[in-house]
Amino acid sequence: MKCVDDFRLRFGRQELVPIVIGGMGVDISTAELALEVARLGGIGHISDAMVQTVSDRRFDTKFVSEKLKKYKTNAASSDKSNVHFNLAVLEEATRYHVGRTMEAKRGDGMIFINCMEKLTMNAPRETLRMRLSAALDAGIDGITLSAGLHLGSFALIEDHPRFRDARLGIIVSSARALAMFLRKNARLQRLPDYVVVEGPLAGGHLGFGIEDWAKYDLATLVGEVLTYLKAEHLDIPVIAAGGIFTGSDAAAFLELGAAAVQVATRFTVTRECGLPDKVKQEYFKANEHDIEVNTISPTGYPMRMLKGSPGIGAGIRPNCEAYGYLLDAHSRCAYIDAYNREVELHPTAKKVKVMDKTCLCTHMRNFDIWTCGHTAYRLKDTTLRLPDGSYQVLSAAHVFHDYQFSVDQKIALPPGV
Ligand SMILES: Cc1cc2nc3c(=O)[nH]c(=O)nc-3n(C[C@H](O)[C@H](O)[C@H](O)COP(=O)(O)O)c2cc1C
């Protein structure tokens, strides 16, 4: 029986262990995690979600408090049209986050950045162009386009000197979405270097409808994308993602024709992951019925999370003056509408509850939306229980090697502390 280590992901002459750790915003897939994965010969992701906040946390910059100071007087207004991101600040924060990470990189692996189109930042094109080009300037090995169809994203950076040499890929959930992307970008004569096919069991946002996500299955989707690429005579590595929990699961996708797997949930309980220790314990403790797919994300995409996430139902005042990453081109966010509706319905209440949407920026920033993959309920089987009843947090190297070498659906337990 083959294991993941019997396979390699090839980019030109570069050979990698075919394990990609998916981007987990906001700073859940930390630079530390990505660096460790690169050291081990795989691909690690950082994320550019709320990069100004991440920079403040990592480098003690003051980007968020300066933005808040500038727009503070607008806080009580539901009109956010005068709240803007300063592109120079966005560039600086991206350069810090990416540049410092790349300077620290060791080993044969690579570091990519996850860029979500849904972070529209009330100027979708301008901010996305800046995010992408600043990451390239700062030396990122590759960019994974996610949370959106990204039909115009390649064109935003077609004049960048690294447009043809950096590794650029896209996450899709169907062959149809990939076909659309390729058709839209045909004139650029620049194919993506890889395609991540993400199925319905993944963490974060899902590229399926709330009604029908459970009808899909990753192996079928990967098969459809492979068939489509073969029919089009296109040689683009396909990376399978979502619900791949063991080395054997991963090897099965590689045997099916995937060039690599992208995994995330198992790394949420590693030391290098950015979640606070207390939250890691919540992930370990989760049972299957504690996990749901809901529609509270203002992006409009369904999202999977633990039902106990403190951000569910919290009716905080929208915080766009400090953040505002989900404001669309018309300066609207579905949470602002939901919040205003509740305030109007309960004019005398000191605090309202908003059940149908959440202030995703604030709650992701504070690690209060506990997004996870469907398999999170199995995390407790990957570690040891400590005498105080808590679960032993793992090292990223331990989990990585378990994916790389394990067979027969075995999961290696860590050495005891
Ligand atoms: C905590 C968490 C946060 C995530 N955040 C993002 C994100 O910001 N952008 C994105 O494209 N995917 C995100 N994902 C999806 C992962 O990158 C990955 O593709 C997927 O979760 C893999 O499936 P698995 O978790 O079952 O291994 C997230 C997943 C998790 C578990």
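The present account deals with the structure reproduced in this document. (Residues numbered from 1 in each chain as written. Predicted model: local features only at pLDDT ≥ 70, side-chain atom pairs only at ≥ 80, totals over all residues.)

Taken together, 30 residues are adjacent to the ligand, and Gly22, Ser146, Gly203, Gly204 and Gly373 come closest. Of all the secondary structure elements, the ones that give two or more residues to the shell around the ligand are β5 (110-116) and β11 (260-263). Its residues assigned to classes, the shell around the ligand comprises 13 nonpolar, 16 polar and 1 charged. (Near = placed C-beta within 6 Å. Helix = DSSP H or I, 4+ residues; strand = E, 2+ residues; numbered from the N terminus. Nonpolar A, V, L, I, M, F, W, Y, C, P; charged D, E, K, R; others polar.)

Let us look at the environment of Asp60. Tracing the chain through its elements places Asp60 in the loop between α2 (51-59) and α3 (63-71). Assessed through the 7 C-beta atoms surrounding it within 10 Å, Asp60 is described here as exposed. Expressed as a C-alpha distance, the spacing of Asp60 and Leu35, which sit 25 residues apart in the sequence, is 20 Å. (Buried ≥ 20, exposed ≤ 12 C-beta atoms within 10 Å, placed from the backbone.)

As a further point, take the nonpolar core. Residues Val197, Ile239, Ala240 and Val261 are the most contacted members of the largest nonpolar core, which totals 131 residues. Beyond its immediate chain neighbours, meaning those up to four positions away, Val197 contacts Val172, Leu221, Val222, Val225, Val238, Ile239, Ala240 and Ala241. (Core = buried A, V, L, I, M, F, W, Y, C linked by C-beta atoms within 7 Å. Contact = placed C-beta atoms within 7 Å.)

All right, on to the pairing of β11 then. Where burial is concerned, the two faces of β11 agree: the one with Ala260 and Gln262 and the one with Val261 and Val263 are both buried. Across 3 bridges, strand β3 (residues 19-21) lies against β11 in parallel orientation. Residue pairing in the sheet places Val20 in a bridge with Gln262 of β11. Both strand β10 (residues 238-241) and β11 contribute to a ladder of 3 bridges, which runs parallel. Of the residues in β11, the one forming a bridge with Ala240 is Val261. Remark: the β10/helix α9 (residues 247-256)/β11 crossover connection has right-handed handedness. (Pairing = 2+ DSSP bridges. Right-handed = clockwise from strand over helix to strand, strands pointing away.)

Before going further, it helps to spend a moment on the sheet that holds strand β12 (residues 291-294). Judged by pairing direction, the sheet is antiparallel, and its 3 strands sit side by side in the order β9-β13-β12 without closing on themselves. The open sheet has two free edges, formed respectively by β9 (204-205) and β12, since each of these has just one partner strand. Where β9 and strand β13 (residues 303-306) come together, 2 bridges link them in antiparallel fashion. Within β13, the position partnered with Gly204 by the bridge is Arg304.

Okay, the packing of helix α7 (residues 175-185) against helix α8 (residues 218-231) next. Put simply, α7 and α8 touch, their axes get as near as 9 Å, and they point 35° apart. Seen from α7, the contacting residues are Ala175, Leu178 and Ala179; seen from α8, they are Glu224, Val225 and Tyr228. In the contact of α7 with α8, the residues fall into 5 nonpolar, no polar and 1 charged. (Axes fitted to C-alpha atoms, helices over the stretch in contact; angles between N-to-C directions.)

On to the pairing of β5, then. In terms of burial, β5 is a largely internal element, 7 of the 7 residues being buried. Side chains of β5 alternate between two faces, with Met110, Phe112, Asn114 and Met116 and Ile111, Ile113 and Cys115 buried alike. For strand β4 (residues 43-47) and β5, the ladder comprises 5 bridges, and the chain directions are parallel. Residue pairing for β5: Ile46 is matched across the bridge by Ile113. With 5 bridges joining them, β5 and strand β6 (residues 142-146) adopt parallel strand pairing. Looking at β6, one finds that Met116 is bridged to Ser146. Regarding topology, helix α5 (residues 124-137) serves as the crossover connection from β5 to the parallel β6, and that connection is right-handed.

Residues Gly247, Ala250, Ala251, Phe253 and Leu254 constitute the buried set of α9. Buried residues along α9 cover an arc of 160° about the axis, so they all sit on one side. Buried residues along α9 sit in contact with α8, β10, β11 and α13 (396-405). Downstream of α9 by a residue or two, Gly257 has a phi angle that is positive, lying close to 120°. (Arc of directions from axis to C-beta.)

A word on the sheet that holds β4. In spatial order, the strands read β3-β4-β5-β6-β7-β8-β10-β11; together these 8 strands close into a barrel with parallel pairing. Neighbour-to-neighbour, the strand axes of this sheet turn through a mean angle of 25°, independent of strand direction. Note that β6 and strand β7 (residues 167-172) share 4 bridges and pair parallel. If you follow Ile143 over to β7, its bridge partner there is Leu168.

Turning next to the packing of helix α1 (residues 31-39) against α13. Relative placement of two packed helices is described by the angle separating their axes and the distance separating the axes. It is the contact of α1 with α13, at a shortest axis distance of 10 Å, that shows an interaxial angle of 45°. Between α1 and α13, the angle is such that the two are oblique. Crossing angle aside, the handedness with which α1 passes α13 is right-handed. Here α1 contributes Leu33, Glu36 and Val37 to the contact with α13, which in turn contributes Ala396, Ala397 and Phe400. Considered class by class, the residues forming the contact of α1 with α13 number 5 nonpolar, no polar and 1 charged. (Parallel < 35°, antiparallel > 145°, perpendicular 65-115°, else oblique. Left-handed = near helix turned anticlockwise from the far one by under 90°.)

Glancing now at unusual backbone geometry. A cis amide bond links Gly25 to the next residue, Val26, at an omega of -5°. Phi at Met50 takes a positive value of approximately 55°, unusual for a residue other than glycine. Relative to the helices and strands, Met50 resides in the loop between β4 and α2. Despite not being glycine, Asn122 shows a phi value in the positive range, around 30°. Counting through the fold element by element, Asn122 comes out in the loop between β5 and α5. Look at Asn122 and you get buried, because 23 C-beta atoms sit within 10 Å.

On to the environment of Ile28, then. Within the element layout of this structure, Ile28 appears in the loop between β3 and α1. Looking at Ile28, the number of C-beta atoms within 10 Å reads 23, which means it is buried. Spatially, the C-alpha atoms of Ile28 and Phe367 are 8.5 Å apart, while their sequence positions differ by 339 residues. Once residues lying within four places of it in the same chain are set aside, the contact partners of Ile28 are Thr268, Cys273, Gly274 and Leu275.

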